[in-house]
Amino acid sequence: MQFRQLSAGFSVAGQIDVAQLEQIAAAGFRSLICVRPDEEDGGQHASSKQLASQAAAIGLAFSYLPVAKGTRGEEQASAMRHALATLPAPVFAYCLSGGRAANLFSQVQMPEPAAATESENPEPPARLACGAASASPAPADDARFDIVIVGGGAAGIGVAASLLRREPGLQLAIIEPASTHYYQPAWTLVGAGAYDVRKTARPVAELLPAGSSLLPHAASYFDADARVVGLSNGARIGYQQLIVCPGLQLAWDKIEGLEETLGRNGVSSNYRYDLAPYTWELVSALRRGKAIFTQPAMPIKCAGAPQKAMYLSCDHWLRRGVLRDIEVEFCNAGGALFGVAAFVPALMSYVRKYDAQLSFSSNLVRVDGQRKLAWFDVKDAEGNTQRVEKSFDFLHVVPPQVSPDVVRNSPLADAAGWCDVDHATLQHPRYPNVFSLGDVCSAPNAKTVAAVRKQIVVVAENLLALRKGLPLPKRYDGYGACPLTVEKGKIVLAEFGYGGKLLPTFPLDPTIARRSAWYLKTSVLPTVYWQLMLKGREWLTATSV
């Protein structure tokens, strides 16, 4: 079995049969394109349906783009552009000898390689055992969709599912380079030994709604005037409407020395899948010493998460009878324990219970894990800053968080670098065909999954109204929720909107820690996330109109 490699992510070969599919997959190819018509030799070769069925069984994507002998396949060129933009790379294309597949590729790619014909002798072929590189080719022209969603996280998958449940015929693409999707709200529980981290990860491909196309590359730029998103593989993806929701960027590098010591030397963070279990390892092993928990300047993902790590750790140490031998300090770059004042008294009661020291206006700037030292820039009441050195035995770090580079450096950004939106409609003020939601949007709400659940409905309804030329019907009230895990078994369920207005879902005093809220957090909400939110089922998502 031989093939000819035309680019890092595209190769061609002559006719294959079903028995060779395992070899193709083993060589590293992720997609097949059939360029030979099924009826060409009266059914003597394996049909595209036979190959597509077996390819799917072993995890290979498949596309059928038949080109008749003696033609160049101009009509298939557009379909080839779309295939190269959407199929996982590297791609293996075949026909009788590989010539028509090469011709088709050359039409949509670049002047080389020179077009071949079925009668030409191919250049010396590569052996299949050599495999192929993983980068995908860049289409020379745009693949176009009705709606393009940048980001396949909670916001991207959720809004795609909601749109397609409303209008199944939409041509919709999701740009997402990651292959694994994470339920991040559970990582605080993982760091407390109360949740299995493996339950928080699932393949992205398994979560996408039917009818959507996955573009497995990163967005590299926005050309909002041309209505184009550029991809990291060089592709240009056109759209009628754009939804921007790539999340935010964890800026570990902004703290000197942190990346070199993360995951060892007693330094951990619940903000990463691979580190949350290490947090629990450190917490469960600590018997005495100094434990420091940090919080950077706002905005951050889930503003309550930094102190939730402290409460759950202290609760464990209290139950083990070692808390009296552990000095606990919470270093917050901000000036308040929590942004919504109504919840501060309940939280302060737990701060006193755990005898934790609060250090406000104290921002972590440097870590030396081997020496167990951390440095903080501490600002006094007059605004003067002093660099303070602190020793630790356990350091839980929350990294600074910024807008992704692709958004921050684009015409879609506001002055702070976030995707600019009207805070009520979530529509871009300068580009009406652009909407944004989730952590990247500029709306001044808490950056939580609960906020995303409400925003999904607003964006889906407003975008579809825009497509029909109707007024935008939905208004987002800033709803967000932060289940503050103050001890193992009890939670203060903080729900609030713009301006700190309390927006409780249930008719209970939201400032009281409750066991029912713990059950909601640990058992109900994960099911709501996987089975409802990501599938477009909008339970308890009413918004202002």
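Residues numbered from 1 in each chain as written. Predicted model: local features only at pLDDT ≥ 70, side-chain atom pairs only at ≥ 80, totals over all residues. Heavy atoms only, no water.

A. Focus on the environment of R264. Inspection of the secondary structure assignment puts R264 in the loop between α8 (258-261) and β16 (267-268). With 248 residues separating them in the primary sequence, R264 and I16 have C-alpha atoms 50 Å apart. (Helix = DSSP H or I, 4+ residues; strand = E, 2+ residues; numbered from the N terminus.)

B. Representation of the side chain of H428 within the structure. On the secondary structure map, H428 appears in the loop between α12 (405-408) and β25 (434-436). With a relative accessible area of 3%, H428 lands in the buried category. Polar contacts involving the side chain of H428 include one to the main-chain carbonyl oxygen of L412, which spans 2.9 Å. Of note is the side chain of H428, whose polar atom sits 3.1 Å from the backbone nitrogen of R430. Ignoring any residue separated from it by four or fewer positions in sequence, one finds H428 in contact with P411, L412, C419, D420, V421 and V434. (Buried < 20%, exposed > 50% of the residue type's maximum accessible area, 1.4 Å probe, protein only. Polar contact = N/O pair within 3.5 Å; in protein donor to acceptor, adjacent residues only side chain to side chain. Contact = heavy atoms within 4.5 Å.)

C. Layout of the sheet that holds strand β20 (residues 362-368). Strand order in the open sheet formed by 3 strands is β20-β21-β22, with antiparallel pairing between adjacent strands. Both outer strands of the open sheet, β20 and β22 (385-391), are each paired with one neighbouring strand and no more. For this sheet the average axis-to-axis angle between neighbouring strands, irrespective of direction, equals 25°. Strand direction decides the pairing type here: β20 and strand β21 (residues 373-379), joined by 6 bridges, are antiparallel. Within β21, the residue paired with V367 across the bridge is A374. (Pairing = 2+ DSSP bridges. Axes fitted to C-alpha atoms, helices over the stretch in contact; angles between N-to-C directions.)

D. Region of the structure containing the pattern of salt bridges. Counting across every chain of the model gives 19 salt bridges. A salt bridge links R166 to E461; the shortest N-O distance between them is 3.0 Å. In this pair, R166 sits in helix α5 (residues 154-166) while E461 sits in helix α13 (residues 449-467), placing the two residues 295 residues apart along the sequence. Take R166: its relative accessible area is 28%, and that puts it in the partly exposed class. The partner of R387 in a salt bridge is D377, and the shortest N-O contact between them spans 2.4 Å. Highlighted residues: R387 in strand β22 and D377 in strand β21, separated in sequence by 10 residues. In the salt-bridge network here, residues are joined through shared partners; they are K290, E327, E329 and K390. (Salt bridge = Lys/Arg side-chain N within 4 Å of Asp/Glu carboxyl O.)

E. Main features of the environment of N445. Topologically, N445 is positioned in the loop between β25 and α13. When the C-alpha atoms of N445 and Y479 are compared, they prove to be 6.9 Å apart, with 34 residues separating the residues in sequence. The contacts of N445, once residues within four sequence positions are left out, are A451, Q455, Y476, G478 and Y498. Within the local environment of N445, its side chain forms a polar contact with the side chain of Q455, the two groups lying 3.4 Å apart.

F. Here's a closer look at unusual backbone geometry. With an omega of 0°, the peptide bond running from A89 to P90 counts as cis. The step from M298 to P299 runs through a cis peptide bond, and the omega angle for that step is 0°. The residue P299 is located in the loop between β17 (289-295) and α10 (305-320) in this model. Despite not being glycine, R227 has its phi angle at roughly 60°, a positive value.

G. Looking closely at helix α4 (residues 99-108). Of all 10 residues in α4, 9 are buried; the element is thus mostly enclosed. Among the residues of α4, G99, R100, A101, A102, N103, L104, F105, S106 and V108 are the ones counted as buried.

H. Looking closely at the packing of aromatic side chains. What the rule picks out here adds up to 19 aromatic pairs. Ring geometry for F3 against F29: centres 5.4 Å apart, planes inclined by 90°, an arrangement best described as edge-to-face. Of this pair, F3 sits in strand β1 (residues 2-7) while F29 is found in the loop between α1 (21-26) and β3 (31-34), placing the two residues 26 residues apart along the sequence. Just as F3 is buried, F29 falls in that class too. When the ring of F338 is compared with that of F343, the centres are 6.1 Å apart and the planes differ by 85°; the resulting orientation is edge-to-face. (Phe/Tyr/Trp six-rings, centres within 6.5 Å; stacked < 30°, edge-to-face > 60°.)

I. Quick peek at the sheet that holds strand β23 (residues 394-396). The strand order across the open sheet built from 5 strands is β16-β23-β17-β18-β19, with neighbouring strands paired in parallel fashion. Both outer strands of the open sheet, β16 and β19 (357-360), are each paired with one neighbouring strand and no more. Sheet topology note: the β17/β23 ladder contains 3 bridges and is parallel. Across the sheet, residue F293 finds its bridge partner in β23, namely H396.

J. Up close: the packing of α5 against α13. One way to put it is that α5 packs onto α13 with a least axis distance of 9 Å and a crossing angle of 45°. It follows from the interaxial angle that α5 and α13 lie oblique. Classified by chirality, the crossing of α13 by α5 is right-handed. Contact residues: α5 offers A154, A155, G158, V159, S162, L163 and R166, while α13 offers V452, I456, V457, V459, A460, E461, L463 and L464. (Parallel < 35°, antiparallel > 145°, perpendicular 65-115°, else oblique. Left-handed = near helix turned anticlockwise from the far one by under 90°.)

K. A look at helix α11 (residues 344-353). Three or more residues of α11 are buried, namely A346, L347, Y350 and V351. Along the long axis of α11, the arc covered by the buried residues comes to 145°, so they all point the same way. Residues of α11 that are exposed and angled more than 90 degrees away from the buried face: P345 and R352. Buried residues along α11 sit against α10, β19, β26 (480-487) and β27 (490-496). Phi for D355, located one or two positions after α11, is positive at around 55°. (Arc of directions from axis to C-beta.)

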